[in-house]
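# A structural walkthrough
These are the residues of each chain, in order.
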Amino acid sequence: MKKKLFSFIALAGIIMSITACGNDEVKPVAINEATDTCETCTMAVIDNQHATEIILKNGKSMVFDDIGCMYEWVHANENKQIDAQFVRDYNDKEWIIVEDATYVHNPSVKTPMAYNVVSFKDKASAEEFATANEGSSLISANDLADYSWEQNHEMMQKLDMKDHSHSDGEEDSHSDDSH
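Quantities reported herein were computed from a predicted structural model and do not represent experimental measurements. (Residues numbered from 1 in each chain as written. Predicted model: local features only at pLDDT ≥ 70, side-chain atom pairs only at ≥ 80, totals over all residues. Heavy atoms only, no water.)

### Observations concerning helix α3 (residues 123-132)
Among the residues of α3, those classed as buried are Ser125, Ala126, Phe129 and Ala130. Buried residues in α3, looked at end-on, bunch into an arc of 135°, giving them a common side. In α3, the exposed positions angled more than 90 degrees off the buried face are occupied by Ala124, Glu128 and Thr131. On its buried face, α3 sits against β5 (102-105), β6 (117-120) and β7 (137-140). For α3, the capping residue at the N-terminal end is Asp122, with a side-chain oxygen 3.3 Å from the backbone nitrogen of Ala124. (Buried < 20%, exposed > 50% of the residue type's maximum accessible area, 1.4 Å probe, protein only. Helix = DSSP H or I, 4+ residues; strand = E, 2+ residues; numbered from the N terminus. Arc of directions from axis to C-beta. Contact = heavy atoms within 4.5 Å. Polar contact = N/O pair within 3.5 Å; in protein donor to acceptor, adjacent residues only side chain to side chain.)

Printed below as a string of structure tokens:
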């Protein structure tokens, strides 16, 4: 009797362990604007549509103030084991897995570190934004790994890097001012 009970308990434990493994969906952690800084540029990260996040296999989460900073970190740390990467939808700030988003580059769209790339949870929203903002080009998630992450130096000069704090509350200036 004890042997059957022990076997049943052991089997139940194994089944629960296997079931629990299937529910380990990695989710982004909340951004703390008072303390979080970008892993690449060390600037403050605000909880807006430009914030991005990486979760490593060891559970460590890292935040970035600009998608370009996240990709600069990825290229410089190819040996790190990444569990998940997240970007924000430009319109509603909802977290999106990098592979599920569509991206738009536009030299006149302000982003915190002037990489000028914004993300959208669906292609239709990205296309609508690109149509409304002359000079935009769509970028797929697959193309991001090989994308030439160059900062807009003209826009960087406009940002006073000595006093750059992200706390000025300034939003992007483009033709879609609904944010």
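Let us keep going from here.
### Some details on the sheet that holds strand β3 (residues 82-88)
The strand order across the open sheet formed by four strands is β2-β1-β3-β4, and the pairing between neighbours is antiparallel. Every interior strand has two partners, whereas the edge strands, β2 (61-64) and β4 (95-97), have only one. Sheet twist, expressed as the average angle between the axes of neighbouring strands with direction ignored, equals 25°. (Pairing = 2+ DSSP bridges. Axes fitted to C-alpha atoms, helices over the stretch in contact; angles between N-to-C directions.)

### Structural notes on the packing of aromatic side chains
Per the counting criterion, the structure on display carries five aromatic pairs. The interplanar angle of 75° and the centroid separation of 6.3 Å between the aromatic rings of Phe86 and Trp95 together place this pair among those described as edge-to-face. (Phe/Tyr/Trp six-rings, centres within 6.5 Å; stacked < 30°, edge-to-face > 60°.)

### A word on the nonpolar core
If you look at the biggest cluster of nonpolar residues, it comprises 29 residues, and the most contacted ones within it are Ile54, Phe64, Ile67, Met70, Val87, Tyr103 and Leu144. Elements supplying a minimum of two residues to this core: β1 (52-56), β2, α2 (67-76) and α4 (141-144). Examining the composition of this core, we find that six residues originate from one element, α2, more than from any other. Contact partners of Ile54, with chain neighbours within four places excluded, come to Lys60, Ser61, Met62, Phe64, Met70, Trp73, Val74, Ile82, Ala84 and Gln85. In terms of nonpolar packing, the next biggest core, distinct from the first, is built from eight residues, Val104, Val118, Phe120 and Phe129 among them. (Core = buried A, V, L, I, M, F, W, Y, C linked by side-chain atoms within 4.5 Å.)

### Quick look at α2
Of all 10 residues that make up α2, seven are buried, and the element is covered over most of its length. For α2, the full list of buried residues reads Ile67, Gly68, Cys69, Met70, Tyr71, Trp73 and Val74. Lining the buried residues of α2 we find β1, β2, β3, β5, β6 and α4.

### As for the sheet that holds β7
Read from one edge of the open sheet, three strands run β6-β5-β7, paired in antiparallel fashion. Every other strand in the sheet has two partners, leaving β6 and β7 as the edge strands with one partner each. Sheet twist, expressed as the mean angle between neighbouring strand axes with direction ignored, is 30°. Two elements, β5 and β7, share four bridges in a ladder whose sense is antiparallel. From the neighbouring strand, Val104 faces β7, where its bridge partner is Leu138.

None of this, on its own, says anything about what the molecule does.
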